[in-house]
Amino acid sequence: MSDDNQIPSYPGASNSEPGGAPQPGGAPQPGGTPQAGGIPQPGGTPQGGGIPQPGGTPQAGGVPQAGGFPRAGAVPQAGAVPPPSGGPQPSVEVPTQVTIGFWLYLAAAAISLIILIVAVTTVGATTNEMRISLSNSGQHVSSSALNALVAATVGVSIVFGLIFAAAYVVFAFFMRRGANWARIVLLVVTVLSLTSVLSEYGIGGVRFVAGALATVLIFLKPANEYFRAVKARRAPRL
């Protein structure tokens with residue numbers, strides 16, 4: 001017989017058994033049959049038109065996600081403003097000296113209220129003391145004039161007692177929050193309280209001592225650093 005009638009052999013053909021012939025457009029895969037137009041994957045079958053994914057099966061028309069590629073939605077939008085790089089500033093811790101000074105100022109305010117109450121409840125005793133004092137000095141005044149003088153004295157004590165109490169309370173709260181101007185105001189109020197040191201049986205002196213101690217504490221080094229830190233934190237950032 002002529003050799004022209006023989007079927008040509010292909011490389012890799014296995015004795016022309018069924019299933020051993022290569023498919024159009026692909027090369028024979030070990031243990032499987034390649035799909036038409038596909039890219040052979042080791043150990044799997046590629047999907048039509050897909051791009052192979054490392055470690056997984058590619059989706060049709062998909063973009064590889066593995067290996068650190070950005071996912072959908074991870075791209076920043078045009079015109080978006082990034083958040084401030086600094087972020088929220090941490091709060092400044094109030095030092096112990098400022099806290100103690102705060103409570104001493106509140107104590108001075110309470111003493112001011114006590115002075116006020118004593119001034120009101122001892123009007124009679126104050127009148128007798130003033131009458132004796134005027135008699136010893138050789139001055140004789142009428143009862144109406146003496147009563148008017150006592151009323152004026154008590155009224156002044158009440159007004160100053162309310163002013164000192166309100167000033168100590170209001171400015172002490174601002175001071176504890178780090179307001180340096182409030183610290184200066186408290187210093188002035190404490191100095192003014194010297195004018196009533198001997199008032200109401202020496203209770204005014206106790207108020208001055210409380211205010212003076214508080215003023216010394218809020219001007220020590222830890223307190224100074226606290227007020228500077230609060231001022232720097234509140235300063236506008238460019």
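Here the structure is shown first, and the text comes after it.
Residues numbered from 1 in each chain as written. Predicted model: local features only at pLDDT ≥ 70, side-chain atom pairs only at ≥ 80, totals over all residues. Heavy atoms only, no water.

Caption draft 1: Local environment of the overall build of the chain. Scanning the chain from terminus to terminus reveals 6 helices and 0 strands. Listing the helices and strands of the chain from first to last along the sequence gives α-α-α-α-α-α. Buried positions account for 24% of the 238 residues belonging to the chain. For the chain, contacts bridging at least 24 residues in sequence account for 63% of all contacts bridging at least 6. (Helix = DSSP H or I, 4+ residues; strand = E, 2+ residues; numbered from the N terminus. Buried < 20%, exposed > 50% of the residue type's maximum accessible area, 1.4 Å probe, protein only. Contact = heavy atoms within 4.5 Å.)

Caption draft 2: Layout of the packing of helix 4 (residues 180-192) against helix 5 (residues 203-217). Put simply, helix 4 and helix 5 touch, their axes get as near as 9 Å, and they point 150° apart. Relative to helix 5, helix 4 is oriented roughly antiparallel. Remark: the crossing between helix 4 and helix 5 carries left-handed chirality. In this structure, helix 4 contributes Leu 186, Leu 187 and Thr 190 to the contact, and helix 5 contributes Phe 208, Gly 211, Ala 212 and Thr 215. Class assignment of the residues belonging to the contact of helix 4 with helix 5 gives a composition of 4 nonpolar, 3 polar and no charged. (Axes fitted to C-alpha atoms, helices over the stretch in contact; angles between N-to-C directions. Parallel < 35°, antiparallel > 145°, perpendicular 65-115°, else oblique. Left-handed = near helix turned anticlockwise from the far one by under 90°. Nonpolar A, V, L, I, M, F, W, Y, C, P; charged D, E, K, R; others polar.)

Caption draft 3: The arrangement of the packing of aromatic side chains in detail. Tallied over the entire structure, the rule returns 8 aromatic pairs. Judged by centre distance (5.7 Å) and plane angle (25°), the ring pair of Tyr 105 and Tyr 168 falls under stacked. Placement of the pair is Tyr 105 in helix 1 (residues 96-121) and Tyr 168 in helix 3 (residues 143-176), with a sequence separation of 63 residues. Each member of the pair, Tyr 105 as well as Tyr 168, carries the same accessibility label: buried. Seen from their ring centres, Phe 174 and Trp 181 are 5.2 Å apart, and the 45° between their planes marks the pair as tilted. What makes Phe 174 partly exposed here is its relative accessible area of 34%. In textbook terms, an aromatic cluster arises when at least three aromatic residues are bridged by ring pairs, as seen for Tyr 105, Phe 160, Phe 164 and Tyr 168. (Phe/Tyr/Trp six-rings, centres within 6.5 Å; stacked < 30°, edge-to-face > 60°.)

Caption draft 4: Highlighting the side chain of Arg 207. Checked against the element boundaries, Arg 207 lands in helix 5. Relative accessible area serves as the criterion here: at 2%, Arg 207 is assigned to the buried category. What Arg 207 contacts, discounting residues up to four positions off in sequence, is Ala 108, Ile 111, Ser 112, Ile 115, Gly 161, Phe 164, Tyr 168, Ser 193 and Ser 196.

Caption draft 5: Quick peek at the nonpolar core. With 23 residues, the main nonpolar core has Val 98, Tyr 105, Tyr 168, Met 175 and Phe 227 as its most contacted residues. When residues of this core are traced back to their parent elements, those giving at least two are helix 1, helix 3, helix 4, helix 5 and helix 6 (221-234). Counting 6 residues, the second largest nonpolar core, distinct from the first, contains Met 130, Leu 134, Val 150 and Val 154. (Core = buried A, V, L, I, M, F, W, Y, C linked by side-chain atoms within 4.5 Å.)

Caption draft 6: Examining a nonpolar patch on the surface more closely. Together, Ile 184, Leu 187, Val 188, Val 191, Leu 192, Leu 194 and Phe 219 make up an exposed nonpolar region whose accessible area comes to about 560 Å². When you line up the elements, Ile 184 lands in helix 4. (Patch = residues over 30% accessible without salt bridge, like charges linked within 9 Å, V, L, I, M, F, W, Y side chains within 5 Å. Areas by Shrake-Rupley, 256 points an atom, 1.4 Å probe, with all protein chains shown as cover. Salt bridge = Lys/Arg side-chain N within 4 Å of Asp/Glu carboxyl O.)

Caption draft 7: Structural context of helix 6. With 14 residues, helix 6 extends 20 Å between its outermost C-alpha atoms, agreeing within 8% with the 20 Å of an ideal straight helix rising 1.5 Å per residue. Buried within helix 6 we find Ala 223, Tyr 226, Phe 227 and Val 230. Down the axis of helix 6, the smallest arc covering the buried residues is 95°, so these residues share one side. The exposed set on the far side of helix 6, more than 90 degrees from its buried face, consists of Lys 221 and Arg 228. Against the buried residues of helix 6 lie helix 1, helix 3, helix 4 and helix 5. (Expected span 1.5 Å × (residues − 1). Arc of directions from axis to C-beta.)

Caption draft 8: Region of interest: the side chain of Ser 112. In this fold, Ser 112 is placed in helix 1. Exposure remark for Ser 112: the relative accessible area of 0% places this residue in the buried category. Once you skip the residues sitting within four places of it in the chain, Ser 112 turns out to touch Gly 161, Phe 164, Ala 165, Tyr 168 and Arg 207.

Caption draft 9: View of the packing of helix 2 (residues 123-136) against helix 3. At a minimum axis distance of 10 Å, the contact between helix 2 and helix 3 shows a crossing angle of 125°. One element, helix 2, and the other, helix 3, form an angle in the oblique class. Pair helix 2 / helix 3 crosses with right-handed handedness. Every residue of helix 3 that contacts helix 2 at Val 123, Thr 126, Thr 127, Met 130, Arg 131 and Leu 134 is listed here: Leu 146, Asn 147, Leu 149, Val 150 and Val 154. Each residue belonging to the contact of helix 2 with helix 3 can be placed in one class, and the counts come to 7 nonpolar, 3 polar and 1 charged.

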